[in-house]
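# Summary of the model geometry
Listed here are the chains, written in short residue letters.
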Amino acid sequence: QKMSRPSARLRVIINHLDRHSAGIVSFLNRKASFFIFIFQFGRYTLDNDLLTPEQRLFYEENGFLLIRNLVSTQDIDRFRKEFERICRQQIKVPGLVVMRDVAIAKSEFVPDQRAVSKVQDFQEDPELFRYCSLPKILKYVECFIGPNIMAMHTMLINKPPDAGKKTSRHPMHQDLHYFPFRPVDRIVCAWTAMETVNRQNGCLVVLPGSHKGTLQEHDYPEWEGGVNKMYHGVRDYDPEHPRVHLEMEKGDTVFFHPLLIHGSGMNQTPGFRKAISCHYASGDCYYIDVKGTTQENIEKEVKEIVARRHGVGDEVTFKDTWEIRGRLVQGERISM
Ligand SMILES: CC(C)CC(=O)SCCNC(=O)CCNC(=O)[C@H](O)C(C)(C)COP(=O)(O)OP(=O)(O)OC[C@H]1O[C@@H](n2cnc3c(N)ncnc32)[C@H](O)[C@@H]1OP(=O)(O)O
Ligand SMILES: Nc1ncnc2c1ncn2[C@@H]1O[C@H](COP(=O)(O)OP(=O)(O)OP(=O)(O)O)[C@@H](O)[C@H]1O
Ligand SMILES: O=C(O)CCC(=O)C(=O)O
Ligand SMILES: [Fe+2]
Ligand SMILES: [Mg+2]
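Parameters and conventions
Residues numbered from 1 in each chain as written. Chains lettered and ligands numbered in written order. Predicted model: local features only at pLDDT ≥ 70, side-chain atom pairs only at ≥ 80, totals over all residues. Heavy atoms only, no water. UniProt positions renumbered as here; feature names shortened; annotations may be inferred. Buried < 20%, exposed > 50% of the residue type's maximum accessible area, 1.4 Å probe, protein only. Helix = DSSP H or I, 4+ residues; strand = E, 2+ residues; numbered from the N terminus. Salt bridge = Lys/Arg side-chain N within 4 Å of Asp/Glu carboxyl O. Pairing = 2+ DSSP bridges. 1 Å grid on protein atoms, 1.4 Å probe; cavity = no way out; pocket = protein on both sides within 12 Å on 5 of 7 lines; lining within 4 Å. Points joined across faces, edges and corners; volume = space filled by probe spheres on them. Nonpolar A, V, L, I, M, F, W, Y, C, P; charged D, E, K, R; others polar. Axes fitted to C-alpha atoms, helices over the stretch in contact; angles between N-to-C directions. Left-handed = near helix turned anticlockwise from the far one by under 90°. Contact = heavy atoms within 4.5 Å. Near = heavy atom within 4 Å. Polar contact = N/O pair within 3.5 Å; in protein donor to acceptor, adjacent residues only side chain to side chain. Areas by Shrake-Rupley, 256 points an atom, 1.4 Å probe, with all protein chains shown as cover.

The name given to the chain in an unreviewed UniProt entry is Phytanoyl-CoA dioxygenase, peroxisomal, with the source organism recorded as Neolamprologus brichardi. In UniProt, the chain has this text filed under Pathway (unreviewed entry): "Lipid metabolism; fatty acid metabolism."

Here you go:
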């Protein structure tokens, strides 16, 4: 009885499909969309007027969605300029973490020749943080996590030319490993290519559908040439698993789920491959205690780094490190 009354959102989907089909095709689509609605919709995406049913279904099934040409060249050029100012130490940003590739950090190079491989936590840099508040990005983010939006983690990744030890690779991982907040489906990452990103310079590599699994155990991979600090990878990673290389052009943006297994290959070009990203969580997410879970190892490492850098002890918790960084960009900060 109930089943014969399609909900409003199902009707929207059916109407959309109707516009693109006719006759028998339309009839089949009605049936198909009904089952899609029953089994898929609503878990990983929310009702919205932006995503087409095809895009919604794609994210539900694959755990990522690539939107071409989303961020303007002008904006990206401004982010690049600001990053260069940071590298030249012309400005100092409170809280910013500057990371160098391990192959360079552990070599004899003098400090100012060391390449910056990543800056993290630029929430206090208004120019870079503009990325996290771009209306174009937030419109998509809202489709995944709803109208209350916190920017939790910010990065500008400047993947260096590989120094010959394959340390420019990022092992396959799930970002949730780093996050002591939930629910998992109300977290999403936006990652924007700042230039052409391809297999040669180390594009993102994803395992489609892996977001439907659970959080895996993460550890440092056993790589001969070394691995960057905190670059944990899924333990027992199977390199034979089918994967997709996300080749992108400047401004293209991929949104992905925090359980999606992803990494990036080595940069075999002489240029620094740049991307900017932000992890968002709903303002009504909540913190969890990771004690006794697979995330205990990352909690321990983060606390060690905070202790060394700020000379504090156990009084700063893993949760605190996230609560301090989080910034509201839309709606209400409810429990984060
Ligand atoms: C979803 C998302 C969260 C996923 C991710 O972001 S995964 C990657 C997470 N990465 C991070 O959070 C960045 C962690 N990195 C950092 O906090 C810093 O770059 C540090 C590794 C602590 C180094 O910072 P800092 O102490 O300012 O640098 P120093 O030049 O004084 O070096 C101190 C000791 O650390 C070493 N080091 C520096 N950079 C790296 C590196 N990339 N990998 C491994 N070891 C490194 C450096 O050689 C030095 O070691 P010792 O000489 O003391 O033995
Ligand atoms: N043992 C491992 N554990 C975790 N991640 C790994 C492991 N081996 C490779 N990876 C990851 O798999 C992804 C692909 O790496 P790889 O260097 O093969 O790049 P690629 O894009 O496949 O390049 P190519 O075009 O040469 O095949 C990267 O994220 C890499 O870090
Ligand atoms: O830009 C990349 O290489 C991927 C970075 C990444 O996945 C991360 O830092 O979590
Ligand atoms: Fe990641
Ligand atoms: Mg390969």
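Turning our eyes to something else, we now look at helix 3 (residues 53-62). For helix 3, the set of buried residues is Pro53, Arg56, Tyr59, Glu60 and Asn62. Gly63 sits one or two residues past helix 3 and shows a positive phi near 85°.

Now for the pattern of salt bridges. Applying the stated criterion across every chain yields a total of 18 salt bridges. The closest approach of N and O atoms between Arg130 and Asp75, which form a salt bridge, is 2.9 Å. Of this pair, Arg130 sits in helix 6 (residues 126-133) while Asp75 sits in helix 4 (residues 73-87), placing them 55 residues apart in sequence. By relative accessible area, Asp75 is classed as buried at 15%.

This part is about the pairing of strand 14 (residues 273-282). Strand 14 sits mainly inside the fold: ten of its ten residues count as buried. Burial along strand 14 is two-sided: the residues Arg273, Ala275, Ser277, His279 and Ala281 and Lys274, Ile276, Cys278, Tyr280 and Ser282 are all buried. For strand 4 (residues 149-159) and strand 14, the ladder comprises ten bridges, and the chain directions are antiparallel. The partner of Ala151 across the bridge, within strand 14, is Tyr280. Relative to strand 14, strand 7 (residues 187-193) runs antiparallel, the two being bridged by seven bridges. Residue pairing in the sheet places Ala190 in a bridge with Cys278 of strand 14.

Put simply, the second largest pocket is a space of about 580 Å³. Lining the second largest pocket are 25 residues, with Arg169, Pro171, Met172, Trp223 and Tyr237 positioned closest to its centre. Secondary-structure elements contributing two or more residues to the lining of the second largest pocket are strand 5 (170-173), strand 10 (233-234) and strand 13 (262-264). No other element matches the three residues that strand 5 contributes to the lining of the second largest pocket. Taken together, the residues that form the lining of the second largest pocket break down as eleven nonpolar, seven polar and seven charged.

As a further point, take the packing of helix 4 against helix 6. Close contact between helix 4 and helix 6 brings their axes to 9 Å; oriented N to C, the two are set at 145°. For the pair helix 4 and helix 6, the crossing hand works out as left-handed. Contacts between helix 4 and helix 6 involve Asp75, Arg78, Phe79, Glu82 and Ile86 from the first element and Glu127, Leu128, Arg130 and Tyr131 from the second.

Lining the immediate environment of ligand 3, one finds Lys118, Met155, Ile157, His170, His173, Asp175, Trp191, Leu204, His262, Ser264 and Arg273. Between ligand 3 and His173, the relevant distance is 3.1 Å, taken from an oxygen atom to a side-chain nitrogen or oxygen of the residue. A distance of 3.0 Å is found between an oxygen atom of ligand 3 and a side-chain nitrogen or oxygen belonging to His262. Protein coverage of the free-state accessible area of ligand 3, which is 290 Å², stands at 94%. Counting only elements with at least two residues in the shell around ligand 3, the list comes to strand 4, strand 5 and strand 13. A per-class count over the shell around ligand 3 returns four nonpolar, four polar and three charged.

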